[in-house]
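# Structural description and commentary
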Amino acid sequence: GGAFATSEETDWTIHDARRAAADLLGADPREVVFGPNMTTLAFALSRSLARTLGPGDDVVVTRLDHDGNVAPWLAAAEDAGATVRWADLRERDGTLDLRSLDAALSDRTRIVAFTLASNALGTITPAADIARRAREAGAIAIGDAVHFAPHRAVDVRQLQLDVLFCSAYKFYAPHLGLMWARPEHLEAWHPYRVRPAPDDPPDRWETGTLNHEGLAGFRAAVEYLAEVGRECGRPEGEDRRAAVIAGMEAIRLHEGGLTRRFLSGAGDVPGLRLFGIADLGRADERTPTFALRLGDRAPRQVAEELGRRGVFAWDGNYYALTVMEGLGLESSGGAVRIGFCHYNTEDEVDRVLEELRDLAEAWPAGRGGG
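In this text the structure is predicted, and so the values were computed from the model without any measurement.

### Things to note about the overall build of the chain
Scanning the chain from N- to C-terminus turns up twelve helices and 13 strands. Taking the principal axes of its C-alpha atoms as reference, the chain extends roughly 65 × 55 × 30 Å. Counting all 370 residues of the chain, 55% fall into the buried class. The long-range share in the chain, meaning contacts at least 24 apart out of those at least 6 apart in sequence, stands at 69%. When the accessible surface of the chain is split by element, carbon and sulfur atoms take 49% of a total near 16,100 Å². Each charge class in the chain can be summarised by its mean position, and for the 42 positive and 57 negative side chains these summaries are 3 Å apart.

Printed below as a string of structure tokens:
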């Protein structure tokens, strides 16, 4: 906003980043809010939405979600005296129990918050169907696309959500968060902000100075996804949104092969327990992210040993607290998480499986460590 050249260049960086976000999400640039991360944006929005809630209202959250899309709505409900209702996890395949969701919905429901894909189990939810159910109940639908966005194309119009969150670092950009919301909501809801800040969306929702360097890197990451699409057949000169969609489709197809390869080999690893969708015929219903236990070994012990072998894997709950509680794993260390992305190869999948087999054979069942 300054009257000098470098400030004008910064303004252009912000403008260009909004255009890139619009091409990533299928949105209008004025509908995209930037922030430090998804969780911070969600807590900021939850404070605003708490003003619209009161005793007798219901907030629905799910046991499949990262806590970043649970805790903000629990706090909003507590502040407003509203009731929290839960949609359950189906333990046998790690999917969202839609009958449980329907039972939680009523004419008192005001907010339905859910994940588009589980960061723990890789499960992809039927987001458009869930959003429809929320609308029919008279509620707003808030989707967490943090784990979904690196693996599938996002189209906010098709999803019919009211709000969508994602984190840029998940799709190869610097660490910053995005919130998309319908323009009528960005206009009507009450943001908490400093008084001199602009009163027009999306600026009215962005508190403090933005991460300008991060925004420049974010734009470059969207360009990279578009370049993947161009390399996979999208002609040069077509609009960036079409190229991004083509890139994400190429990523989906490649990662589908990695998913099927891992699922095919996991059954040959002695003592390996996989949580979530394991049916090869349902590979498209999940991302190549796998939560597992190896025999009676503690997840941290498995992760440490894999790390020594050059395979870096998370262990614990990865903030998917209710997932691990629902599976009965939280009290004993959660699970090991093996995650692949489009830059991984089939040979790397095979190597991970080989290391898991080697560990299983080196650690006979019942020899301690759990």
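### Structural notes on the packing of aromatic side chains
Pairs of aromatic rings are described using the distance from one ring centre to the other and the angle between the two planes. Per the counting criterion, the structure on display carries seven aromatic pairs. Aromatic pair Phe34 and Phe218: ring centres 5.7 Å apart, planes at 70°, arrangement edge-to-face. Of this pair, Phe34 sits in strand 1 (residues 32-35) while Phe218 is found in helix 8 (residues 212-231), placing the two residues 184 residues apart along the sequence. For the pair shown, Phe34 and Phe218 are each scored as buried. Taking 6.1 Å as the distance between ring centres and 70° as the angle between the ring planes, the aromatic pair formed by Tyr172 and Tyr343 counts as edge-to-face. On the criterion of sequence distance, the pair formed by Tyr172 in the loop between strand 8 (163-167) and strand 9 (177-181) and Tyr343 in the loop between strand 13 (335-339) and helix 12 (346-362) is long-range, its members being 171 residues apart. Cluster of aromatic residues (ring-pair linked, three or more members): Phe34, Phe171 and Phe218.

### Focus: the pattern of salt bridges
Side chains carrying opposite charge are able to pair once their charged atoms draw close together. Here the structure, examined in full by the defined rule, presents 35 salt bridges. Between Arg240 and Glu223 there is a salt bridge; the shortest N-O distance is 2.9 Å. One end of the pair, Arg240, is in helix 9 (residues 240-266); the other, Glu223, is in helix 8, with 17 residues separating them in the sequence.

### What about the environment of Leu294?
If you trace the backbone, Leu294 turns up in strand 11 (residues 289-294). Once residues lying within four places of it in the same chain are set aside, the contact partners of Leu294 are Val269, Pro270, Gly271, Leu272, Val302, Leu356, Leu359, Ala360 and Trp363.

### What to know about the sheet that holds strand 8
Pairing is mixed across the open sheet formed by seven strands, whose spatial order is 1-9-8-7-6-2-3. In the strand order of this sheet, the two ends are held by strand 1 and strand 3 (83-87), each with one partner. On average, each strand axis in the sheet is inclined to that of its neighbour by 20°, with strand direction left out of account. Two strands pair when backbone bridges link them, and strand 2 (residues 58-62) and strand 6 (residues 109-115) are joined in this way by three bridges, in the parallel orientation. If you follow Val59 over to strand 6, its bridge partner there is Ile111. Running over the sheet, helix 3 (residues 71-80) touches strand 2, strand 3, strand 6, strand 7 (140-144) and strand 8 and is turned about 160° from strand 2.

### Structural notes on the pairing of strand 13
Counting buried residues in strand 13 gives four out of five residues, a clear majority hidden from the surface. With four bridges connecting them, strand 11 and strand 13 associate as antiparallel partners. Note on strand 13: the bridge partner recorded for Phe290 is Ile338. When strand 12 (residues 314-316) meets strand 13, the two strands line up antiparallel, connected through three bridges. Paired with Trp314 across the strands is Arg337, a residue of strand 13.

### Observations concerning helix 8
Relative to the 28 Å expected for 20 residues at 1.5 Å per residue, helix 8 spans 29 Å between its end C-alpha atoms, a close match to the ideal helical length. For helix 8, the complete set of buried residues consists of Gly214, Leu215, Phe218, Ala221, Val222, Leu225, Ala226, Val228, Gly229 and Arg230. On its buried face, helix 8 is in contact with helix 1 (5-25), strand 1, strand 9 and helix 9. Immediately downstream of helix 8, the backbone of Gly233 shows phi near 120°, a positive value.

### Remarks on unusual backbone geometry
Across the junction of Pro201 and Pro202, the peptide omega takes the value 0°, indicating a cis bond. One can find Pro202 in the loop between helix 7 (183-188) and helix 8. The phi angle at Gln160 is positive, at roughly 60°, despite the residue not being glycine. In this fold, Gln160 is placed in the loop between helix 6 (156-159) and strand 8. Of note, the phi angle at Tyr172 is positive, near 80°, even though the residue is not glycine.

Conventions used here
- Residues numbered from 1 in each chain as written.
- Predicted model: local features only at pLDDT ≥ 70, side-chain atom pairs only at ≥ 80, totals over all residues.
- Heavy atoms only, no water.
- Helix = DSSP H or I, 4+ residues; strand = E, 2+ residues; numbered from the N terminus.
- Buried < 20%, exposed > 50% of the residue type's maximum accessible area, 1.4 Å probe, protein only.
- Contact = heavy atoms within 4.5 Å.
- Areas by Shrake-Rupley, 256 points an atom, 1.4 Å probe, with all protein chains shown as cover.
- Lys, Arg positive; Asp, Glu negative; His and termini not counted.
- Charge placed at Lys NZ, Arg CZ, Asp CG, Glu CD.
- Phe/Tyr/Trp six-rings, centres within 6.5 Å; stacked < 30°, edge-to-face > 60°.
- Salt bridge = Lys/Arg side-chain N within 4 Å of Asp/Glu carboxyl O.
- Pairing = 2+ DSSP bridges.
- Axes fitted to C-alpha atoms, helices over the stretch in contact; angles between N-to-C directions.
- Expected span 1.5 Å × (residues − 1).

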